[in-house]
Amino acid sequence: MIAAPRPPEQIENDLRRAEKLEWQTIFWVMISVGAMSAAMGGSQAFKTAWIEDVLSLLAPIFFLLSRHVEEKGETSVFPYGFQRAGTLAFFLSASALCAIGAFLLYEGLQSLVTMKHPTIGSKTIFGHQVWMGWIMIGVLLFSIIPPVILGRAKRKIAKRLHDEVLFVDADTNAADWQTGVASIAGIVGIACGWWWADALMASVISLSILKDGWTALKGSTIHLLDGLPRAVDSGQPDPAVQELISRLEDEYPAYRAQVRATGRYLRARLEPRDKPHLDRETAKRLMSEKSWRLIELARGMRSETDK
């Protein structure tokens, strides 16, 4: 087995810091989910916010799993190593967000169309009747504070690491206050007798989930299809990659540079401009059966220090 590449010390420190932040996120989200489960009432917006909190566990779990897998070296079965584990985790978390966001949007719109009137009951606490809406609002206020703080910390690290899963997780955490405010507005709407406010806020929250999921799904699909690597904070072609391609083609004018993302790493290759693919005769000589499948034969270039 060939060992996985070791990043610089600063990047390793960022990775360790990111892992700690993800464990902290899981801890706080589980507390929030538990508290919201205990306070669950008849609010559709509150239920949607609870589901979003449960979904926010996916990204940190996928990040930690991909970190464990990507450190494994190259094997005979996986000759390119496991650096793309992060891209797979990115795709899975994005797919889950899209699916759940679409389902929650359907539920919210259905409540609006059928004019479902939500009700929130009361509970006796220390001998006093307390409207559960106040408890739900208090739980929501508590639940949005830790993720916002953690999300800001993760966002800075995600840019340095160029880690899409961590960046999507940071965006989700940082936007939790919007979900909390929308849920609170829905609960207050119920108190004011506006039956439609709760379902409307639930639909707004689900649209936010769906938007985040769709954006992440497009980015992860580009990486899985070996598209030009994108910047994590904009979804546009990464300027650093475009600069790398320009420098490679300036240094080797007879070749065309190709760069693809392998997790947070990059793989670049140079392809002759006059013969972009392996000729059929060479492919037949190397692979007599199904030679049409062999379209590339790349050879690693020796560095000056190796000569």
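Enquirer: Please set out the overall build of the protein chain residue by residue, giving values where relevant.
Expert: Looking only at helices and strands, one finds ten helices and four strands in the protein chain. Ordered by position in the sequence, the α and β elements of the protein chain form the string α-α-α-α-β-β-α-α-α-α-α-β-β-α. For the protein chain, the C-alpha radius of gyration of 25 Å lies well beyond 19 Å, the compact-globule estimate for 307 residues. Based on the C-alpha atoms only, the size of the protein chain along its principal axes is roughly 85 × 40 × 35 Å. Residue burial in the protein chain is summarised as follows: out of 307 residues, 42% are buried.

Enquirer: Account for unusual backbone geometry, with residues named and values stated.
Expert: Unusually for a residue other than glycine, His162 sits at a positive phi of about 55 degrees. Structurally, the position occupied by His162 is in the loop between α5 (132-161) and α6 (164-174). Of note in this structure, Asp226 is not a glycine but carries a positive phi near 60 degrees. Tracing the sequence through the fold places Asp226 in the loop between α8 (195-224) and α9 (239-251).

Enquirer: For the environment of Trp23, give the residues involved together with the corresponding values.
Expert: With respect to the secondary-structure elements, Trp23 resides in helix α1 (residues 9-38). Once the C-alpha coordinates of Trp23 and Pro60 are considered, the two residues, 37 residues apart in sequence, prove to be 7.5 Å apart.

Enquirer: How would you explain the pairing of strand β3 (residues 255-262) if you had to name every residue and give the values?
Expert: A regular strand carries its side chains on alternate faces of the sheet. Here β3 pairs with strand β4 (residues 265-272) via eight bridges, running antiparallel. Note that in β4 the partner of Arg260 across the bridge is Arg267. Between the antiparallel neighbours β3 and β4 lie two residues, among them Gly263 with a positive phi of about 70 degrees.

Enquirer: An account of the pattern of salt bridges is requested, with residue identities and associated values reported.
Expert: Per the stated rule, a full pass over the model turns up 14 salt bridges. Between Asp226 and Arg84 there is a salt bridge, and its shortest N-O distance comes to 3.2 Å. With a gap of 142 residues between them, Asp226 in the loop between α8 and α9 and Arg84 in the loop between α3 (58-70) and α4 (85-113) connect regions that are remote in the sequence. What emerges from the salt-bridge pattern is a single network uniting Glu19, Arg67, Glu70, Asp163 and Arg264.

Procedures and definitions
Residues numbered from 1 in each chain as written. Predicted model: local features only at pLDDT ≥ 70, side-chain atom pairs only at ≥ 80, totals over all residues. Heavy atoms only, no water. Helix = DSSP H or I, 4+ residues; strand = E, 2+ residues; numbered from the N terminus. Rg over C-alpha atoms; globule rule 2.2 N^0.38 Å. Buried < 20%, exposed > 50% of the residue type's maximum accessible area, 1.4 Å probe, protein only. Pairing = 2+ DSSP bridges. Salt bridge = Lys/Arg side-chain N within 4 Å of Asp/Glu carboxyl O.

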